[in-house]
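# Working through the structure, step by step
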Amino acid sequence: MGQRTDTRDRIIRASLQAMREQGYGATSISDIVNASGAPRGSVTFHFRGGKDEMAREVITLRTAQVLERLDATAADSDSAADFLTACVDAVAAEFADSRFTAGCPVVPISIERSARSSELRDAGKDFFRAWRGSVARHLAAHGIDGPRADRVATLAVSAIEGALVIGRTERTVDALLAVREELRLLVL
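Attention in this report is confined to the structure presented alongside it.

The rules behind these values
- Residues numbered from 1 in each chain as written.
- Predicted model: local features only at pLDDT ≥ 70, side-chain atom pairs only at ≥ 80, totals over all residues.
- Heavy atoms only, no water.
- Disulfide = S-S within 2.5 Å.
- Buried < 20%, exposed > 50% of the residue type's maximum accessible area, 1.4 Å probe, protein only.
- Axes fitted to C-alpha atoms, helices over the stretch in contact; angles between N-to-C directions.
- Helix = DSSP H or I, 4+ residues; strand = E, 2+ residues; numbered from the N terminus.
- Parallel < 35°, antiparallel > 145°, perpendicular 65-115°, else oblique.
- Left-handed = near helix turned anticlockwise from the far one by under 90°.
- Contact = heavy atoms within 4.5 Å.
- Nonpolar A, V, L, I, M, F, W, Y, C, P; charged D, E, K, R; others polar.
- Phe/Tyr/Trp six-rings, centres within 6.5 Å; stacked < 30°, edge-to-face > 60°.
- Lys NZ or Arg CZ within 6 Å of the ring centre and 35° of its normal.
- Expected span 1.5 Å × (residues − 1).

Here we take up the state of the cysteines. A covalent bond bridging the sulfur atoms of two cysteines is what the word disulfide describes. Here the structure, examined in full by the defined rule, presents zero disulfides. The thiol of Cys87 is not disulfide-bonded; the next cysteine sulfur, from Cys104, is found 14 Å away. Owing to a relative accessible area of 12%, Cys104 belongs among the buried residues under this scheme.

Moving on, we come to the packing of helix α5 (residues 80-97) against helix α8 (residues 146-170). Two elements in contact, α5 and α8, have axes whose closest approach is 12 Å; the angle formed by their N-to-C orientations is 20°. Taken together, the axis directions place α5 and α8 in an arrangement best described as roughly parallel. Note that α5 runs across α8; the crossing there is right-handed. Contacts between α5 and α8 involve Leu84, Val88, Val91 and Phe95 from the first element and Val152, Ala156, Ile160, Leu164, Gly167 and Arg168 from the second. Class assignment of the residues belonging to the contact of α5 with α8 gives a composition of eight nonpolar, one polar and one charged.

Now for the packing of aromatic side chains. Each aromatic ring pair is described using two quantities: the centre-to-centre distance and the angle formed by the ring planes. Scanning the entire structure with this criterion turns up four aromatic pairs. Taken together, a centroid distance of 5.6 Å and an interplanar angle of 70° make the contact between Phe95 and Phe100 edge-to-face. Each member of the pair Phe95 and Phe100 is classed as buried. Taking the centre distance of 6.3 Å and the plane angle of 20° together, the rings of Phe128 and Trp131 count as stacked. Remark: Trp131 and Phe128 occur in helix α7 (residues 118-141); sequence separation between them is three residues, near one turn of the helix. There is no split in this pair, since Phe128 and Trp131 are both buried. Ring pairing ties together the aromatic residues Phe127, Phe128 and Trp131, which thus form one cluster. Above the ring of Tyr24, the side-chain terminus of Lys51 is found at 4.4 Å from the ring centroid.

The first and last C-alpha atoms of helix α1 (residues 6-22) sit 24 Å apart over 17 residues, in line with the 24 Å expected at 1.5 Å per residue. Three or more residues of α1 are buried, namely Thr7, Arg8, Ile11, Ile12, Ala14, Ser15, Leu16, Ala18, Met19 and Arg20. Contacts from the buried residues of α1 go to α2 (29-36), α3 (40-46), α4 (50-75), α5, α6 (106-113) and α8. Gly23 sits one or two positions beyond α1 and adopts a positive phi of about 90°.

All right, on to unusual backbone geometry then. Despite not being glycine, Arg99 has its phi angle at roughly 60°, a positive value. You can see Arg99 is positioned in the loop between α5 and α6. At Phe100, a residue that is not glycine, the phi angle is positive and equals roughly 65°. Position of Phe100 relative to the elements: it lies in the loop between α5 and α6.

This is the structure in structure tokens:
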């Protein structure tokens with residue numbers, strides 16, 4: 001693997017954004033080249049494994065982003081209900097700011113590549129486990145029983161992902177706001 005550089009990071013960030021907006025299959029190497037400003041040769045140099053290697057790096061970056069946001073949100077929350085509300089509000093705000101185009105990049109990568117790439121299937125599995133695990137830990141820290149915190153975390157992640165799909169088709173955050181209110185009621 002090539003040396004980690006600013007160019008490599010730019011390519012990963014451009015790939016993440018493109019895959020959030022277009023999915024894995026609809027994102028071309030040309031899209032990534034144009035968005036990153038990197039020469040095509042740099043893309044092939046830094047990602048000898050092609051688009052699947054980029055997708056793996058996208059999942060790694062998105063995992064770090066989500067976990068960082070969850071930790072910051074938990075630090076600012078006084079209760080499990082406040083934590084879940086703030087989590088969904090952050091997703092809804094970012095989604096609305098993108099004009100309802102930037103969803104989770106891991107979903108399309110997982111749907112489109114899991115059957116053909118055990119590496120991407122494992123990366124997707126690790127992402128969802130880390131997300132659910134972090135939510136569950138923060139819920140438990142706010143007094144929710146451990147096994148119930150795990151179940152609520154699974155429900156929250158599933159509901160947020162589903163609401164993003166609905167939101168993309170309806171071009172609203174209404175489904176996310178409904179999820180927020182119901183999740184809040186679960187932990188009051």
